[in-house]
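# Understanding the architecture of this molecule
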Amino acid sequence: GSLTMYVDVLPQIPKVNGYTLANRTFSPGRLTIGMYQTKWKFHRDLPETTVFAYGTSAATATIPGPTIEAIEDTPTYITWENHLPQSHILPWDTSIPIATPKNGGVPTVVHLHGGIHAPHSDGHPAAWFTASFSETGSTWSQQTYTYPNVHHAGNLWYHDHALGYTRINLLAGLTGAYVIRDPGMDGMFKLPSGPEFDRHLVLADKSFYNDGSIYMNCTGNVPSIHPQWQPEYFGDVITVNGKAWPYLQVLRRKYRFRIINTSNARYFRLSLTNGLSFTVIGADTSYLTSPVSTQSIILAPSEIADVIVDFSTTTATESLLNNDAPYPYPTGPSPDQFNGRVMKFIIPAGPTNPPDNSTIPPKIKTYSPSTIKNARQTRYITLYENTTATGESINLYVNGKRFEDPVTETPKSGSTEVWEVINLTGDNHPFHMHLATFQAVKVQCLVDVNTFTNCMKTLNDAVACNITGQATGKIIDIPAYEKTWKNTVKMEPGCKTTLVVKFTLVGHADAGYPFVATGSPGYVYHCHVSYFARIHFLLLGYSERSRG
Ligand code: C2O
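Each value, and the rule that gives it
- Residues numbered from 1 in each chain as written.
- Predicted model: local features only at pLDDT ≥ 70, side-chain atom pairs only at ≥ 80, totals over all residues.
- Heavy atoms only, no water.
- Helix = DSSP H or I, 4+ residues; strand = E, 2+ residues; numbered from the N terminus.
- Rg over C-alpha atoms; globule rule 2.2 N^0.38 Å.
- Buried < 20%, exposed > 50% of the residue type's maximum accessible area, 1.4 Å probe, protein only.
- Contact = heavy atoms within 4.5 Å.
- Areas by Shrake-Rupley, 256 points an atom, 1.4 Å probe, with all protein chains shown as cover.
- Lys, Arg positive; Asp, Glu negative; His and termini not counted.
- Charge placed at Lys NZ, Arg CZ, Asp CG, Glu CD.
- Phe/Tyr/Trp six-rings, centres within 6.5 Å; stacked < 30°, edge-to-face > 60°.
- Lys NZ or Arg CZ within 6 Å of the ring centre and 35° of its normal.
- Pairing = 2+ DSSP bridges.
- Axes fitted to C-alpha atoms, helices over the stretch in contact; angles between N-to-C directions.
- Domains from an automatic or database assignment.
- Buried area = accessible area lost by both parts, 1.4 Å probe.
- Salt bridge = Lys/Arg side-chain N within 4 Å of Asp/Glu carboxyl O.
- Polar contact = N/O pair within 3.5 Å; in protein donor to acceptor, adjacent residues only side chain to side chain.
- Nonpolar A, V, L, I, M, F, W, Y, C, P; charged D, E, K, R; others polar.
- 1 Å grid on protein atoms, 1.4 Å probe; cavity = no way out; pocket = protein on both sides within 12 Å on 5 of 7 lines; lining within 4 Å.
- Points joined across faces, edges and corners; volume = space filled by probe spheres on them.
- Disulfide = S-S within 2.5 Å.

## So, the overall build of the protein chain
Within the protein chain, the regular secondary structure consists of 6 helices and 31 strands. Here the protein chain has a C-alpha radius of gyration of 22 Å; the compact-globule value for 548 residues is 24 Å, and the two agree. Along the first, second and third principal axes, the C-alpha set of the protein chain runs to 65 × 50 × 50 Å. Across the 548 residues in the protein chain, those meeting the buried criterion constitute 61%. If you take every contact in the protein chain between residues at least 6 apart in sequence, the share linking residues at least 24 apart comes to 78%. In the structure as shown, the protein chain presents an accessible area of about 20100 Å², 51% of it carried by carbon and sulfur atoms. On the protein chain, the mean spot of the 41 positive side-chain charges and the mean spot of the 42 negative ones are 5 Å from each other.

## Some thoughts on the packing of aromatic side chains
Here the structure, examined in full by the defined rule, presents 25 aromatic pairs. Connected via pairs of aromatic rings, a cluster forms that spans Phe 197, Tyr 255, Phe 257, Phe 311 and Phe 345. The ring of Tyr 327 has Arg 266 sitting right over it, with the charged end atom 4.4 Å from the ring centre.

## Section: the sheet that holds strand S16 (residues 268-272)
Judged by pairing direction, the sheet is mixed, and its 5 strands sit side by side in the order S14-S22-S21-S16-S19 without closing on themselves. The sheet is open, and its two edges are formed by strand S14 (247-249) and strand S19 (296-299), each paired on a single side. Within this sheet the neighbouring strands show an average axis-to-axis angle of 20°, counted without direction. Summarising the sheet, S14 and strand S22 (residues 341-346) pair through 3 bridges and their orientation is parallel. The partner of Tyr 247 across the bridge, within S22, is Lys 344.

## Side note on the domain arrangement of the protein chain
Once the domains are mapped, the protein chain shows domain 1 (15-183), domain 2 (194-346) and domain 3 (378-540). Measuring from the centre of the C-alpha atoms in domain 1 to the corresponding centre in domain 3 gives 26 Å. Counting residues at the interface gives 26 residues for domain 1, matched by 29 residues for domain 3. Between domain 1 and domain 3, a total of about 2300 Å² is buried, with carbon and sulfur atoms accounting for 67% of that surface. Where domain 1 packs against domain 3, one counts 0 salt bridges. Applying the counting criterion to the domain 1 and domain 3 interface returns 9 residue pairs in polar contact (both at pLDDT 80 or more). If you list the elements that add at least two residues to the side of domain 1 that touches domain 3, you get strand S7 (110-113) and strand S9 (154-160). A breakdown of the residues in the side of domain 1 that touches domain 3 according to their chemical character gives 9 nonpolar, 12 polar and 5 charged.

## As for the side chain of Asp 427
Note that Asp 427 resides in the loop between strand S25 (416-423) and strand S26 (429-433). The buried charged residue Asp 427 lacks any salt bridge partner; its closest oppositely charged side chain belongs to Arg 167, at an N-O distance of 13 Å.

## Describing the sheet that holds strand S18 (residues 286-294)
With mixed pairing, the 7 strands of this open sheet are ordered in space as S13-S12-S11-S15-S20-S17-S18. What marks the edges here is a single partner per strand, and that holds for strand S13 (243-244) and S18. Alignment of strand S17 (residues 278-283) against strand S20 (residues 304-310), held across 4 bridges, turns out to be antiparallel. If you follow Thr 279 over to S20, its bridge partner there is Ile 308.

## Here we look at the pattern of salt bridges
Scanning all chains against the criterion turns up 18 salt bridges. One salt bridge in this structure joins Arg 181 and Asp 198, with 3.7 Å as the shortest N-O distance. Separated by 17 residues along the polypeptide, Arg 181 in strand S10 (residues 175-181) and Asp 198 in strand S11 (residues 198-206) bring together distant segments of the chain. Residue Arg 181 shares its accessibility class with Asp 198, and that shared class is buried. It is possible to trace a salt-bridge network through shared partners that takes in Lys 15, Glu 69, Arg 181, Asp 186, Asp 198 and Arg 258.

## Examining empty space enclosed by the protein
Per the stated rule, a full pass over the model turns up 9 cavities of 30 Å³ or more. In this structure, the largest cavity encloses a volume near 120 Å³. Leu 170, Thr 175, Ala 204, Lys 206 and Thr 262 are the residues nearest the centre of the largest cavity, which is lined by 16 residues in total. Residue assignment for the lining of the largest cavity shows that the elements contributing at least two residues are helix H1 (166-172) and S11. Top contributing element to the lining of the largest cavity by residue count: S11, with 4 residues. Its residues assigned to classes, the lining of the largest cavity shows 6 nonpolar, 8 polar and 2 charged. Looking at the lining of the largest cavity, you find at least three residues from each of domain 1 (15-183) and domain 2 (194-346). There is about 90 Å³ of room inside the second largest cavity.

## Description of the pairing of S22
Bridge count for strand S21 (residues 318-323) against S22 is 5 bridges, and the pairing is antiparallel. Within the sheet, the bridge partner assigned to Ser 319 lies in S22 and is Phe 345.

## A few points about the side chain of Arg 256
Summarising the element assignment, Arg 256 is placed in strand S15 (residues 254-261). A polar contact of 3.2 Å, which involves the side chain of Arg 256, links it to the side chain of Tyr 287.

## Things to note about the state of the cysteines
Counted by the stated rule, this structure contains 2 disulfides. Here Cys 445 is linked by a disulfide to Cys 495, with a sulfur-sulfur distance of 2.0 Å. Because the torsion about its S-S bond is 65°, the bridge between Cys 445 and Cys 495 counts as right-handed. Of the two residues, Cys 445 is situated in strand S27 (residues 437-445) and Cys 495 in strand S29 (residues 495-502); the sequence distance between them amounts to 50 residues. One disulfide bridge connects Cys 455 with Cys 465, the sulfur atoms lying 2.0 Å from each other. In this structure, the disulfide formed by Cys 455 and Cys 465 twists by about -85° around the S-S bond and is classed as left-handed. Of the two residues, Cys 455 is situated in helix H4 (residues 449-459) and Cys 465 in the loop between H4 and helix H5 (467-470); the sequence distance between them amounts to 10 residues. Take Cys 465: its relative accessible area is 7%, and that puts it in the buried class. By sequence-ordered numbering of the bonded cysteines, the protein chain has its disulfides arranged as 1-4, 2-3. Counting only cysteine sulfurs, Cys 495 is the nearest neighbor of Cys 527, a cysteine outside any disulfide, at a range of 16 Å.

Below is the structure:
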């Protein structure tokens, strides 16, 4: 049966401080956050669901996990503990590169998405650990992670990142939000603030059995190749902060929403009914130079939009947050009346009391410009699928390389590079890099994708396959609300996206950059659709540099 929408109130996600404050001075904070198997109520009429959740204790674990608040330049130390049972609540696929603890247990490792920190704290997929750290993966080195929070203020999130388990660990509930604050900036702006008016909306699609348990397929489209693997997981229930299609009663005033798409594969194209629009102030971990007003926002898995919604601009008493992004994006079917709905805002009539003193500043933040001048080098990164004769996807590699292959990219810390990412698949891909920040400066499509793909499958060299002559087709505009330093950029199918990539701190005095010692696992970059994420991680190595 189907669930009635808008019957559960949008939960307030608990917050924990990743710092200490005494005598108006911020000092580093230490947290212990565990992963627990617990029960969670996703909807009034759905029986309790067994989930994996983050929390500071078993009793306080939530979906999503607690929002971690950090202060720019004040380190946060987190010990992530695995308290999960011996077996997983969801089926996994052993035909892919996957963590394999000898004595069983659920392999986990946490990645702070958007963070800038040393490799041992980055949640490398092979740095997994099972309960009580009883078994660890090949690149695991320490229990406590250091997050220096040297990134400029903005929105991040944390999630599981274990090799081969990422998809089911996220689906089981292992996600949470993380915010780096700049108290000076908070004081300067009068954006909507406080727990009531500054809220996270953490989106995730899931499917459930009638008994409340989470549905995950356990048969593959091509069982002889991948017994369990299906190209992408799409849930028919849309959850926000751990509730299916919740509602929020608001005042007729401005609210700030930090919207994070934590889905495995679903893109959202969000819009509001009854004439309301979004004023976007930030994308991923960065602010925009100036606010951008828009009727709709497209969020790929892992992307974050920081928006203001002014409920005083409508006379209606409710507004629906809807989704009309095809799935897979952009060529799949359109959402139906279930997965096309996200949540409802109830806006009682009458004046706002107390009055809304918040304002949207005309200028927000200016970081270093995105210029390809002075780029140290250009890299060509080509995404293409290997398929069976019947068109079933077998794998998606980067430049024909697998996750297990040796490091190919070794940028220098402090440098700027140009990455030409060529997407030869039929779907859009959320291209995510750890450590670096980057932005798209040009998207131009290929004139003959088939010819180029066939050439790549033989030569595996974009220059030799004449990418310059090929990428002369249609130019696609980059939305104004994405023009800032991001950590995930959507790759249009059949097109080449030119990225300016900075391996240096953006918008911030250089407080020192993590460097990679010989033998370090380095960092990964990958598509954030977790079906692919398990396959085409590549290591991103850095040469050591002297400080200063
Ligand atoms: Cu949000 Cu490597 O991932």
